[in-house]
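# Structural overview
Below, each chain spelled out in residue letters.
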Amino acid sequence: MEKMTISAIIIYGGNYDKKLFDLAKKSVSWCTETVLVNGVKGSFNDWRNEGLKRAKGDWILYLDSDEEVPSNLKEEILQLVDSNQLIGCYAIPRRNIIFGKEFKYSGQYPDYQKRLFRRDTLEKWMGTVHEEPVFNGKLEHLKNPMLHHKNITLSEMIEKTNKWSEIESQLMIDANHPPMNGFRFFTAGFREFVLRFIKEKAFMDGKEGIIYGIYQIYSRLISYSKLWEKQIKKHE
């Protein structure tokens, strides 16, 4: 039986950390090829589709420039690839390092990411803000996690929110979201609070988790505030 080939696709761009980028490349040096995609213009679905066009392997492994594939995950991938299982996509758990601390709660673990595909089953990626793969076949989950160094400051997180909330609010406008009012603002913030602090237990990650949970509530309310602003301009 012919040996399967693996293409590692690494997305980088913007304010990426070169040291983490080098670690990401080193962690997939065992793959048949590494495809580097500079994500300057467009969104994540565009960049992932660009990598897919350029990749030549029988299997596709996606990685961002601040992620790593540890040795135990590497061995698990090689074992399943060699077994030639007819699975369309594998979701990989991810350990997230945020504010210099590994989060165990806050919705950050196991944080499964759909990143490993048989090349002939993956059609494309869709979605401007939260990209999702379109693939054929079953979805399975791997045991060993990848590592994600979320090396970002609060100032950078706020800048990111300002950028993506513009896109998210426009998507809500395009979907004819009901007019924002005081009640809808309150329920949006309350739902996010329940998600982050009750369901995901952000406080269990210490002060870092509390800060992260508060930031997520802020980020959600910014998106709805921009929606409100766009709705006013639409009817002027």
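Structure's up top.
Below, the structure is looked at part by part. From a predicted model like this one, the values you see are computed outputs, not experimental measurements. (Residues numbered from 1 in each chain as written. Predicted model: local features only at pLDDT ≥ 70, side-chain atom pairs only at ≥ 80, totals over all residues. Heavy atoms only, no water.)

Looking now at the pairing of strand E2 (residues 33-38). Relative to E2, strand E1 (residues 6-12) is paired through six bridges, and the arrangement is parallel. Its bridge partner being in E2, Ile9 is matched across the sheet by Val35. Note that the unit made of E1, helix H1 (residues 18-27) and E2 has a crossover that is right-handed. (Pairing = 2+ DSSP bridges. Helix = DSSP H or I, 4+ residues; strand = E, 2+ residues; numbered from the N terminus. Right-handed = clockwise from strand over helix to strand, strands pointing away.)

One open sheet accounts for six strands, arranged E2-E1-E3-E8-E5-E11; its pairing is mixed. What marks the edges here is a single partner per strand, and that holds for E2 and strand E11 (139-141). Here the average twist between neighbouring strands, direction ignored, is 25°. Where strand E5 (residues 89-92) and E11 come together, three bridges link them in parallel fashion. Bridge pairing in E11 places Tyr90 opposite Glu140. Here H1 sits on the sheet and contacts E1, E2 and strand E3 (59-64); the angle it forms with E1, its principal contact strand, is near 175°. (Axes fitted to C-alpha atoms, helices over the stretch in contact; angles between N-to-C directions. Contact = heavy atoms within 4.5 Å.)

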